[in-house]
Protein chains: 2
Amino acid sequence: MKFEAITIKDIAKALHLSVSTVSKALRGSHEISEETKKHVLAYANEHNYKPNPIAQSLKRGLSKSIGVIVCNIDNNFFSAVINGIESVARQKDYNVIITQSQESYEREIANSEHLSSRSVDGLIISLSAETKRVDHLIKLHDKGLPMVFFDRITDEIATHKVIADNFKGAYEGTRHLVQQGFRRIAHITSSSSLSITLERLEGYKKALADAGLTFEEKYIKLCPHGGMIKEETQQALTELLQMKDRPDAIFTASDRLSTTTLSLLRKMQIEVPQQIALVGFTNSISADIFHPSLTAVVQPALEMGQLATDLLIQLIEAKRPVTEFQKRVLDTELQIRDSSLRAK
Amino acid sequence: MKFEAITIKDIAKALHLSVSTVSKALRGSHEISEETKKHVLAYANEHNYKPNPIAQSLKRGLSKSIGVIVCNIDNNFFSAVINGIESVARQKDYNVIITQSQESYEREIANSEHLSSRSVDGLIISLSAETKRVDHLIKLHDKGLPMVFFDRITDEIATHKVIADNFKGAYEGTRHLVQQGFRRIAHITSSSSLSITLERLEGYKKALADAGLTFEEKYIKLCPHGGMIKEETQQALTELLQMKDRPDAIFTASDRLSTTTLSLLRKMQIEVPQQIALVGFTNSISADIFHPSLTAVVQPALEMGQLATDLLIQLIEAKRPVTEFQKRVLDTELQIRDSSLRAK
DNA sequence: TTTTTTTACGAAAACGTTTGCGCGAAGAAC
DNA sequence: GTTCTTCGCGCAAACGTTTTCGTAAAAAAA
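Residues numbered from 1 in each chain as written. Chains lettered and ligands numbered in written order. Predicted model: local features only at pLDDT ≥ 70, side-chain atom pairs only at ≥ 80, totals over all residues. Heavy atoms only, no water.

Visitor: I'd like a description of the protein's contact with DNA strand D, backed by residues and values.
Guide: The environment of DNA strand D is made up of 28 residues, and the closest members are Thr21(A), Lys24(A), Glu31(A), Thr36(A) and Lys59(A). Within the side chain of Ser20(A), an N or O atom sits 2.7 Å from a base nitrogen of DNA strand D. Side-chain polar atom of Thr36(A) to a phosphate oxygen of DNA strand D: 2.5 Å apart, as the coordinates give it. Considering every element that reaches the surface near DNA strand D, the biggest residue donor is helix α2 (residues 19–26) of chain B, with 4 residues. When its residues are assigned to classes, the surface near DNA strand D shows 8 nonpolar, 11 polar and 9 charged. (Near = heavy atom within 4 Å. Polar contact = N/O pair within 3.5 Å; in protein donor to acceptor, adjacent residues only side chain to side chain. Helix = DSSP H or I, 4+ residues; strand = E, 2+ residues; numbered from the N terminus. Nonpolar A, V, L, I, M, F, W, Y, C, P; charged D, E, K, R; others polar.)

Visitor: Lay out the nonpolar core with the relevant residues and their values.
Guide: Core analysis: the largest hydrophobic core is formed by 76 residues, its most contacted members being Ile185(A), Phe251(A), Ile185(B) and Phe251(B). Apart from residues no more than four positions distant in its own chain, Phe251(B) is found in contact with Ala170(B), Thr174(B), Leu177(B), Ile185(B), Ala186(B), His187(B), Ile188(B), Tyr204(B), Val279(B), Phe281(B) and Val297(B). Of all hydrophobic cores here, the second largest spans 60 residues; its members include Ile82(A), Ile73(B), Ala164(B) and Ile316(B). (Core = buried A, V, L, I, M, F, W, Y, C linked by side-chain atoms within 4.5 Å. Buried < 20%, exposed > 50% of the residue type's maximum accessible area, 1.4 Å probe, protein only. Contact = heavy atoms within 4.5 Å.)

Visitor: Break down the pattern of salt bridges for me, with residues and values.
Guide: What the rule picks out here adds up to 34 salt bridges over all chains. Arg200(A) is paired through a salt bridge with Asp151(A); the nearest N and O atoms lie 3.7 Å apart. Of this pair, Arg200(A) sits in helix α9 (residues 195–210) while Asp151(A) sits in the loop between β4 (147–150) and β5 (161–164), placing them 49 residues apart in sequence. Asp151(A) shares its class with Arg200(A); the two are buried. Taking the shortest distance from any N to any O, the salt bridge between Glu103(B) and Arg152(B) comes out at 3.0 Å. Of this pair, Glu103(B) sits in the loop between β2 (95–100) and α6 (105–117) while Arg152(B) sits in the loop between β4 (147–150) and β5 (161–164), and the two are 49 residues apart along the sequence. Members of the salt-bridge network, linked through shared partners, are Glu103(A), Asp151(A), Arg152(A) and Arg200(A). (Salt bridge = Lys/Arg side-chain N within 4 Å of Asp/Glu carboxyl O.)

Visitor: Lay out the environment of Val19(A) with the relevant residues and their values.
Guide: All names here are of chain A. Structurally, the position occupied by Val19 is in helix α2 (residues 19–26). With relative accessibility at 42%, the residue Val19 sits in the partly exposed group. When the C-alpha atoms of Val19 and Thr159 are compared, they prove to be 41 Å apart, with 140 residues separating the residues in sequence. The residues touching Val19, leaving out its near neighbours within four places in the chain, are Ile8, Lys9 and Ala12.

Visitor: Describe empty space enclosed by the protein, with residues and values.
Guide: Using the criterion set out here, one finds 7 cavities of 30 Å³ or more in the structure. Considering only enclosed or pocket space, the largest cavity measures out at about 290 Å³ in volume. Looking at the largest cavity, it is lined by 19 residues, and the ones nearest its centre are Ile54(A), Ser63(A), Ser65(A), Ile54(B) and Ser65(B). Only α4 (53–60) and β2 (95–100) of chain A together with α4 (53–60) and β2 of chain B provide two or more residues apiece to the lining of the largest cavity. (1 Å grid on protein atoms, 1.4 Å probe; cavity = no way out; pocket = protein on both sides within 12 Å on 5 of 7 lines; lining within 4 Å. Points joined across faces, edges and corners; volume = space filled by probe spheres on them.)

Visitor: Got a sec to walk through the sheet that holds strand β7 (residues 220–222) of chain B? Specific residues and values, please.
Guide: Residue and element names in this part refer to chain B. The strand order across the open sheet formed by 6 strands is β7-β6-β8-β9-β10-β12, and the pairing between neighbours is mixed. Single-partner strands in this sheet number two, and they are β7 and β12 (333–335). Strand after strand, the sheet turns through a mean of 15° between neighbouring axes, direction not considered. Direction of pairing for strand β6 (residues 185–189) relative to β7: parallel, over a ladder of 3 bridges. Looking at β7, one finds that Ile188 is bridged to Lys221. Packed on one face of the sheet, helix α8 (residues 166–179) meets β6, β8 (249–252), β9 (277–281), β10 (295–298) and β12 and runs near 170° to β9. (Pairing = 2+ DSSP bridges. Axes fitted to C-alpha atoms, helices over the stretch in contact; angles between N-to-C directions.)

Visitor: Tell me what's going on with the protein's contact with DNA strand C, and back it up with residues and numbers.
Guide: DNA strand C sits among 28 residues. The nearest are Lys9(A), Thr21(B), Lys24(B), Glu31(B) and Thr36(B). Looking at DNA strand C alone, sugar and phosphate atoms form 56% of those within 4 Å of the protein. Here a phosphate oxygen of DNA strand C sits 2.7 Å away from a polar atom, N or O, in the side chain of Lys9(A). Between Gln56(A) and DNA strand C, the recorded distance is 3.0 Å, taken from a side-chain N or O atom to a phosphate oxygen. Elements with a minimum of two residues in the surface near DNA strand C: α1 (8–15), α2 and α4 of chain A together with α2 and α4 of chain B.

Visitor: Give a description of the packing of aromatic side chains that names residues and reports values.
Guide: Throughout the structure, instances matching the rule amount to 11 aromatic pairs over all chains. Seen from their ring centres, Phe77(A) and Phe78(A) are 4.9 Å apart, and the 65° between their planes marks the pair as edge-to-face. A residue is classified by how much of its surface remains accessible, and Phe77(A), at 3% relative accessible area, is buried. Considering the side-chain rings of Phe251(B) and Phe281(B), the 6.0 Å spacing of their centres and the 45° angle between planes classify their relative orientation as tilted. One end of the pair, Phe251(B), is in strand β8; the other, Phe281(B), is in strand β9, with 30 residues separating them in the sequence. The same class applies to Phe251(B) and to Phe281(B), which are both buried. Members of the aromatic cluster, joined through ring pairs, are Phe77(A), Phe78(A) and Phe150(A). The side chain of Lys205(A) reaches across the aromatic face of Phe215(A), ending 4.7 Å from its centre. The positively charged end of Arg200(B) is found above the aromatic ring belonging to Phe281(B), 3.8 Å away from the centroid. (Phe/Tyr/Trp six-rings, centres within 6.5 Å; stacked < 30°, edge-to-face > 60°. Lys NZ or Arg CZ within 6 Å of the ring centre and 35° of its normal.)

Visitor: If you had to explain helix α7 (residues 135–142) of chain B to someone new, which residues and values would you point to?
Guide: Along an α-helix, residues three or four apart share an orientation, since each turn contains 3.6 residues. All names here are of chain B. For α7, the set of buried residues is His136, Leu137 and Leu140. The arc enclosing the buried residues of α7, seen along the axis, measures out at 95°, which places them on a common side. Contacts made by the buried residues of α7 are with α6, β3 (122–125) and β4. In the segment just after α7, Gly144 is the residue with positive phi, at about 110°. (Arc of directions from axis to C-beta.)

Visitor: I'd love a proper account of the environment of Phe78(A), names of residues and values included.
Guide: All names here are of chain A. Mapping Phe78 onto the fold places it in helix α5 (residues 76–91). Under the relative-accessibility criterion, Phe78 is labelled buried at 3%. In this structure, the C-alpha to C-alpha distance between Phe78 and Ser126, residues 48 residues apart in sequence, is 9.4 Å.

This is the structure:
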């Protein structure tokens, strides 16, 4: 079951030329006469010649493919990012190999090693919720594998990074709740080891501070698996709801946490926003048809993917070692809907 | 910026052996003495030797990668399928290269050619909504490229296929609406060239017939781009709503169509299910938090992806040409929620 | 001791490219 | 008429493997 294609050799034989002549003719080398080039090109087109990318990769030492590690593709934020990655990669003739860590540290290590041994030319990564140490990535980076981080990034590796303005997004989301008159605002977020968790927490705190509200540790609930385990979110939510001074609003820090929280509240028959208001980070395309429609901090996911890919390809194709790295921070957008509106 | 790794040559040099000896030792050949094998293995492990997959591919003529063409990754059904594909592929040590047709015939052609020239060992495809002819795929299939179709399949290529039981799914969805007392049930569906469109339409018709309701052509609205173009859905919906004997229920045939329809109805301030009921094919993980929660025909997306991948790898690794092909039909599940319930 | 077999390894070709170099022929410069 | 360029092309090595075949030396059989 092999798929046979025409090779340079076949062309050479057919045209009574040498392999090298054909190769050069195809690449338009000045060493070859116009006439010969024309012949070769014509024959190649006619027989639909496509260079074997594997042979080219072997020769050039570049595979023209990039690896992607995200926690989960089945998620509006990440699928949109991948959409962006794919569009830029395709345009620049790179292949994209996608892998999922499922928020597992083990799988992230396995995937990164598998991808590098599969000789991808570079890596685009968003860290898993379980990841606390990045030695596995440092090792690869030190060996010269270009990488770009997005969303969940690390300070321990000097390279390009692309994130949304998590601080500002969280600040605006929280401030909006404050402005609506909510006072006991809880925050359900991911693993404390993630960069986004910290940044969003800071934005949340600052919004409280600016409004003269005191920050209360008890209103912060961590879900170490970022919502992948429903029970974790359930537990967090239950604890919040059983408090004496139970929160009157919740600010959730990720896509999965937001939808899960809303779903759980609905199951518990708790009215949103009447009994408790909700603002969430989410890129769900259906936030407007949720019950209630969900006020969302939306990240520019597509752009993040595109930008990350652009930066990675820059790194890959750089002639000389790159030493200046960018940390690009893209704006978020607050989409206000019913879930956060104070009942009149 | 190249990523350097240890090769067989390096091992050979270090151990004063020939390249061929090292290669055989690594593969455990009986031609090599136990002692030498031990040395080589030890050295290889110590220096973390990984065979260069590109060189192996070139040699073997197999790339250990499979290509995927779906219309859109940013869609709960397809991302779940890809989830399934990825899990099986990874387990069998295949790479997955994902491409999107965005429901465009042109892009489907471009992607299929790009993937085959990228020498994937096989293809997993769900046809785009625009696709009416599959010559581009026939060409590749005839050349010996193994492929498996899922969801949107074609009869014109003899190979394995994986689909959900679209007829039964549509039948049950429609019958449920009938049982709830709805009589004028419209059907918004995709391009008429898609297999799923026909199958679902048949299920819909049969359910009407079995209930003694007459099928009316005017209640069928096609969206040739499968919901990718919002205006198309808008148009279809508007036409339905302006009828004299306007439908009292809608059955939507795809993920995107379902969410878009619900969103539009909401925007038009039409109460679901009071003014019009809704049942949709969808794999949205959030169907339960929609307003109203959406009655859904759910496809076993993950299983479909896994099964398709299993079948494809069987084809790829088959010793002799395969002539018996399977068409696997997986069960759908009807999840009844508020959007289809007759008000008391 | 001679012949045969076995063992353990190396040489080389192959996969399909790319590329530095060499070389003969034609033309230009002297 | 000799030397120097330039042109157009082919040779061969290289990328990292795998695999066929050949072959020394050691072991076994005669």
